[in-house]
Amino acid sequence: MVDNPTKIYNDYVRANLPNSMSYDTGTDRYDINNHSFFKFKNSNWYFNYISKYGYSAFSAYAVNGFEPALVFDFKGNYFRKSATDSTFGASITHARASSATMVNASGNLVTVGNNVPRTGHHIYNGSAWVNEGILHESEARTNLLLNSGTLSTQSATVAAVANTISFTGTGTVTLSGVSTAGPLVGTGTGENNRVNLTFTPTAGTLTLTVSGTVTNAQLEAGATPSSYIPTAGASATRAAETLTVPAANLPYDNTNMSIQIDGKITYADSGSTNTALPWRWRVDNNNIIYNRFSTSGSRTGQPQFLQGSTSSGIDSVVGGNNVYSPNTNVPFNLAGRYGSTFINGAHEGTLLTANTTPTSLPALSSTDLELGQLFMGTIGQFRMWSDDLG
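Being a predicted model, the structure only gives us computed values, none of them experimental.

Draft legend 1. How the structure looks around the overall build of the protein chain. Of the regular secondary structure elements, the protein chain holds three helices and 33 strands. Counting the 390 residues in the protein chain, one finds 47% classified as buried. Sequence-distant contacts in the protein chain: of pairs separated by 6 or more residues, those separated by 24 or more amount to 62%.

Draft legend 2. Expanded view of the side chain of Ser138. Turning to its location among the elements, Ser138 is positioned in the loop between strand S13 (134-137) and strand S14 (141-143). Sequence-distant contacts of Ser138, that is, excluding residues within four places in its chain, are made with Ala240, Glu241, Gly372, Gln373, Leu374, Phe375 and Met376.

Draft legend 3. Structural context of the pairing of strand S24 (residues 256-267). Buried residues dominate S24, accounting for 11 of its 12 residues. The sheet contact formed by S24 and strand S33 (residues 376-385) spans eight bridges and is antiparallel. Counted as the bridge partner of Ile261 is Phe382 from S33.

Draft legend 4. Inspection of unusual backbone geometry at higher detail. With an omega dihedral of 5 degrees, the bond running from Gly182 to Pro183 counts as a cis peptide bond. Along the polypeptide, Pro183 turns up in the loop between strand S17 (172-177) and strand S18 (184-185). Even without being a glycine, Asn147 presents a positive backbone phi close to 50 degrees.

Draft legend 5. Structural context of the nonpolar core. Trp279, Trp281, Leu371 and Phe382 are the most contacted members of the largest nonpolar core, which has 37 residues in total. Elements that contribute at least two residues to this core include exactly strand S4 (70-73), strand S23 (241-245), S24, strand S25 (277-284), strand S26 (287-294), strand S29 (327-339), strand S32 (369-374) and S33. When residues of this core are assigned to their parent elements, the largest contribution, five residues, is made by S24. Beyond its immediate chain neighbours, meaning those up to four positions away, Phe382 contacts Leu70, Val71, Phe72, Ile259, Gln260, Ile261, Trp279, Leu369 and Leu371.

Draft legend 6. Looking closely at the environment of Gly390. Its location among the elements puts Gly390 in the segment after S33. For the pair Gly390 and Gly380, spaced 10 residues apart in sequence, the C-alpha to C-alpha distance is 23 Å. The residues touching Gly390, leaving out its near neighbours within four places in the chain, are Asn64 and Arg337.

Draft legend 7. Fine view of the sheet that holds strand S16 (residues 163-168). Ordered by their spatial adjacency, three strands build an open sheet running S19-S16-S21, and the pairing between neighbours is antiparallel. Either end of the sheet is taken by a strand with one partner, and the two such strands are strand S19 (195-199) and strand S21 (215-221). Within this sheet the neighbouring strands show an average axis-to-axis angle of 10 degrees, counted without direction. Pairing between S16 and S21: five bridges, direction antiparallel. Looking across to S21, one finds that Thr168 is bridged to Thr215.

Draft legend 8. Structural context of the pairing of strand S15 (residues 154-158). Of the two faces of S15, the one holding Gln154, Ala156 and Val158 is buried and the one holding Ser155 and Thr157 is not buried anywhere. Inspection of the sheet shows S15 paired to strand S20 (residues 204-211) by five bridges, in the antiparallel sense. Residue pairing in the sheet places Ser155 in a bridge with Thr207 of S20.

Draft legend 9. Molecular detail of the sheet that holds S15. As summarised here, the arrangement of the four strands in space is S15-S20-S17-S18, forming an open sheet in which the pairing is antiparallel. What marks the edges here is a single partner per strand, and that holds for S15 and S18. Sheet topology note: the S17/S18 ladder contains two bridges and is antiparallel. The residue of S18 that forms the bridge with Val173 is Leu184.

Draft legend 10. Layout of the pattern of salt bridges. Following the criterion strictly, the structure yields 14 salt bridges and no others. Glu137 serves as the salt-bridge partner of Arg118, at 2.8 Å between the closest nitrogen and oxygen. Separated by 19 residues along the polypeptide, Arg118 in strand S10 (residues 118-119) and Glu137 in strand S13 bring together distant segments of the chain. On the basis of relative accessibility, which here comes to 4%, the residue Glu137 falls in the buried class. With a shortest N-O distance of 3.3 Å, Lys264 and Glu132 are connected by a salt bridge. In this pair, Lys264 is assigned in strand S24 and Glu132 in the loop between strand S12 (129-131) and S13, connecting sequence segments 132 residues apart. Summarising the burial analysis for this pair, Lys264 and Glu132 share the class buried. Salt bridges linked by common partners bring Arg96, Arg118, Glu137, Arg238 and Glu241 together as one network.

Rules and cut-offs
Residues numbered from 1 in each chain as written. Predicted model: local features only at pLDDT ≥ 70, side-chain atom pairs only at ≥ 80, totals over all residues. Heavy atoms only, no water. Helix = DSSP H or I, 4+ residues; strand = E, 2+ residues; numbered from the N terminus. Buried < 20%, exposed > 50% of the residue type's maximum accessible area, 1.4 Å probe, protein only. Contact = heavy atoms within 4.5 Å. Pairing = 2+ DSSP bridges. Core = buried A, V, L, I, M, F, W, Y, C linked by side-chain atoms within 4.5 Å. Axes fitted to C-alpha atoms, helices over the stretch in contact; angles between N-to-C directions. Salt bridge = Lys/Arg side-chain N within 4 Å of Asp/Glu carboxyl O.

Written out as structure tokens, the structure reads:
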């Protein structure tokens, strides 16, 4: 008989649990205090947390004594719906009609298949690769270059819109034809050394002359770089992604709601009121709750908190015009309070001034929520309460 290493490991772990933790054979879960976990690594994370900071009847996700009924901790791989521990697949629906790439804990590019979420995506912080949660790109992109793994001199047809070229390696790409921007010079191997250049050509043929080593190269229509799309003898497209939270999984109260999201966003100054929408809960344009980033006018990245109902109209609270600046992987943390008689928000812990003109919340109890509705970047955590956190 061949030993089963997984069973041996599980039996050992369950026989040597910390004193405050137990394994329930009936539910196949690890229990500690008033918490229950599907996996040992999650229960062990919680055990280490309370060992360091002390036990509280409230979880690390609670605010002002209020536990969120819904938690998506993409970094910690913890999910909760209807105030009960859950899983990614049971809590949220992810879709993408193509494969896509992400960066793993070792800093290596890896490819995942159609409709596979890119959780555990890592970003280099200058000294280490850090898990930033789920990589989500709501916009489809096409790599116009051929044989992009090791790039050679070639031409591509481009439109008269913002285009971005990026690559890793120590070589150089020089542009000619419909644009002479650059050149773009590499700084080293590996994804921590990916360089990029955004330019707007005239429509026509762009020639890219390569010298030295240029690897994992990408030329895409767009004002920001996106995740690498490998190509061979033809261009390739990464499909748009969606993250949908079914209405049945959402907490809802017609007088008070609180919602928090954090992550890292990549965006350009498009001059648009709706430059990015990290999430949107919408029946129609008159019955809606959402966050957005605005780069309209002189704004470089204004966080806005909005709600609307047919009877109350649209109400909002906004931060400063230049709270954020366009770039890749811009950290953000937004928290909003939405009520039948108020709306308020906070960004990076800075509380704004409440707007007390609303007279109702929209009826959203039967409506799905769109997470990352118009969003390029990573989401670390998303939480919802059917309470006013005050």
